[in-house]
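Observations on the model geometry
Each chain is listed here by its residues.
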Amino acid sequence: MALQVGIVGLPNVGKSTLFNALTAAKAEAANYPFCTIDPNVGVVTVPDERLRKISELIKPKSLVPTTMEFVDIAGIVAGASKGEGLGNQFLGNIRQTDAIVHVVRCFDDPNIIHVSGSVDPARDIDVINTELMLADLESVDKRVKKVEKTARSGDKQAQLEYGLYKKIYDALSAGKPARSVEMTDAEAPLLKDLHLLTSKPVLYACNVNEEDMAKGGNAWVDQVKKIAEGENNRVVVICSALEAEIALLPKEEQAEFLASIGAEEPGLNRLIFEAYKLLDLYTYFTAGEKEVRAWTIRRGMKAPQAAGVIHTDFEKGFIRAETYASADLFELKTESAVKEAGKYRLEGKEYVVRDGDILFFRFNV
């Protein structure tokens, strides 16, 4: 399941430094090397301690973690929706992503010029959000005009589309993002087809200096948290410069460095994990002597669809799933002990896969 998260923000907020830190960080699990698809797209592993724990008990020949793609989208400026600063190209890049990490400058540094002359997270967030909404407003306006005449003729599908487009248009006109619009089950697929910028979930990454990172934030971070709470979005506090420094250290030196600053893990791990949760994702595992592997699914997926993430034939010919919780393996230490405890189960097509399940699929094609 290829999932992309776009990193956006104004110029000089630390966005590219954060992306460079992500792309410099190597995967903990052995055999999934970091790779760059394009100059501004990087694949990173999702940190998951359960993968390591399973491998210690199963002892496979290889480990394969699950991954996400991060896209570094060039700085957006006021007027981007009208083409300022190559805005159309950058906004087009965002449309292809599944979620947005919005980097907000929450540090002061006279050596790094702010495009607006001063640090003001609320103003900066408003600039980005306004440009995204204006771009969406233009897109939806075209859709409204395109389908309006057919809807008035009585065409049921056109009426459904017109009703949704009009609701979104009115919300955007009132300064509200598309994700704030309540939709019926029939309307939800139509929204997805629109690829609207403001329909995507947002994680605010407050970029602070090292001193404020040690304190857990500052007054600017508090501003962002208040905004995010009002939008029902999430916040992570990070120091891009520090993360870039940590990412370049050899693995054996990273732990020592983190301990020296009172941290248990790189802030990048928190960022990746928060982005994972933002997309409402779960991880399940397949485990055997050959390989222990993590797989990404959307929360609520049933067993056949989860099997289809491995291969479409698994979903088409699904018979049943054999499963147990990774937590039970950690407690009981062996698969045979899990079976003896009655915690190894056979599940059918209606089984909803749980986060942390270890699964083995039976199928026939």
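Everything in this summary refers to the structure shown in the same document.

Procedures and definitions
- Residues numbered from 1 in each chain as written.
- Predicted model: local features only at pLDDT ≥ 70, side-chain atom pairs only at ≥ 80, totals over all residues.
- Heavy atoms only, no water.
- Helix = DSSP H or I, 4+ residues; strand = E, 2+ residues; numbered from the N terminus.
- Rg over C-alpha atoms; globule rule 2.2 N^0.38 Å.
- Buried < 20%, exposed > 50% of the residue type's maximum accessible area, 1.4 Å probe, protein only.
- Contact = heavy atoms within 4.5 Å.
- Lys, Arg positive; Asp, Glu negative; His and termini not counted.
- Charge placed at Lys NZ, Arg CZ, Asp CG, Glu CD.
- Pairing = 2+ DSSP bridges.
- Salt bridge = Lys/Arg side-chain N within 4 Å of Asp/Glu carboxyl O.
- Phe/Tyr/Trp six-rings, centres within 6.5 Å; stacked < 30°, edge-to-face > 60°.
- Lys NZ or Arg CZ within 6 Å of the ring centre and 35° of its normal.
- Expected span 1.5 Å × (residues − 1).
- Core = buried A, V, L, I, M, F, W, Y, C linked by side-chain atoms within 4.5 Å.
- Axes fitted to C-alpha atoms, helices over the stretch in contact; angles between N-to-C directions.
- Parallel < 35°, antiparallel > 145°, perpendicular 65-115°, else oblique.
- Nonpolar A, V, L, I, M, F, W, Y, C, P; charged D, E, K, R; others polar.

**Brief notes about the overall build of the protein**
Counting its regular elements, the protein contains 15 helices and 13 strands. In terms of overall dimensions, the protein is globule-like: its C-alpha atoms have a radius of gyration of 23 Å, near the 21 Å expected for 365 residues. Structurally, the protein occupies a C-alpha span of about 65 × 60 × 35 Å along its principal axes. Going through the 365 residues of the protein one by one, you find that 46% of them count as buried. Taking contacts inside the protein between residues at least 6 apart in sequence as the whole, the part at least 24 apart equals 70%. Side-chain charges of the protein comprise 45 positive and 54 negative groups, with the mean position of each set lying 6 Å from the other.

**Things to note about the pairing of strand β10 (residues 291–298)**
Both strand β4 (residues 62–64) and β10 contribute to a ladder of three bridges, which runs parallel. Within the sheet, the bridge partner assigned to S62 lies in β10 and is E291. Two elements, strand β9 (residues 281–287) and β10, share seven bridges in a ladder whose sense is antiparallel. Each residue of the ladder has a partner; that of A287, found in β10, is V292. Taking the residues between adjacent antiparallel strands as the criterion, β9 and β10 are bridged by three residues.

**With respect to the pattern of salt bridges**
Counted according to the given criterion, the structure contains 22 salt bridges. Across the salt bridge formed by R234 and E274, the nearest N and O atoms sit 2.7 Å from each other. Taken together, the residues R234 in strand β8 (residues 234–238) and E274 in helix α11 (residues 267–278) connect sequence positions 40 residues apart. As a salt-bridge pair, D280 and R299 come within 2.8 Å of each other at their nearest N and O atoms. Of this pair, D280 sits in the loop between α11 and β9 while R299 sits in the loop between β10 and α12 (303–310), and the two are 19 residues apart along the sequence. In this structure D280 comes out as partly exposed when scored by relative accessible area, which is 35%.

**Structural notes on the packing of aromatic side chains**
Overall, the coordinates contain four aromatic pairs when judged by the stated rule. Counting every residue linked through ring pairs, the aromatic cluster contains Y284, F318 and F361. A cation sits over an aromatic face here: K339 above Y344, 4.7 Å from the ring centre.

**Regarding helix α4 (residues 121–152)**
Here α4 is 32 residues long and its end C-alpha atoms lie 45 Å apart, about the 46 Å a rise of 1.5 Å per residue gives. Backbone geometry just after α4 places G154 at a positive phi near 105°.

**Quick look at the nonpolar core**
One recurring pattern in soluble globular proteins: nonpolar side chains tend to sit buried together. Counting 52 residues, the largest nonpolar core has V5, L22, M68, F70, I94, V101 and L271 as the members making the most contacts within it. It is α11 that contributes the most residues to this core, six residues altogether. Not counting chain neighbours up to four residues away, the residues in contact with F70 comprise V5, I7, F19, L22, N40, V41, G42, V44, V101, I272 and A275. If you look at the next biggest cluster of nonpolar residues, it comprises 18 residues, including V140, V144, I168 and L196.

**Structural notes on the environment of K339**
By secondary structure assignment, the location of K339 is in helix α15 (residues 335–340). With a relative accessible area of 45%, K339 lands in the partly exposed category. For the pair K339 and Y324, spaced 15 residues apart in the sequence, the C-alpha separation amounts to 8.8 Å.

**Section: unusual backbone geometry**
With a phi angle near 60°, N232 is a residue other than glycine that sits in the positive phi range. We classify N232 as exposed; its relative accessible area is 71%. The backbone of K333 sits at a positive phi, close to 80°, despite the residue not being glycine. Examined against the element boundaries, K333 turns out to sit in the loop between α14 (326–332) and α15. Take K333: its relative accessible area is 47%, and that puts it in the partly exposed class.

**Re the packing of α4 against helix α8 (residues 219–231)**
α8 packs onto α4 with a crossing angle of 40° between their chain directions and a minimal axis gap of 9 Å. With respect to their mutual orientation, α4 and α8 come out oblique. Residues P121, A122, I125 and N129 of α4 touch α8, and the partners they reach there are W220, Q223, V224, I227 and E231. Residue composition of the contact of α4 with α8, by class: six nonpolar, two polar and one charged.

**A look at the side chain of E161**
Structurally, E161 is set in helix α5 (residues 156–173). No salt bridge is formed by the buried E161. Its closest oppositely charged neighbour is R143, at 5.9 Å. Once residues within four sequence positions are removed from consideration, E161 is found in contact with V147 and L190.

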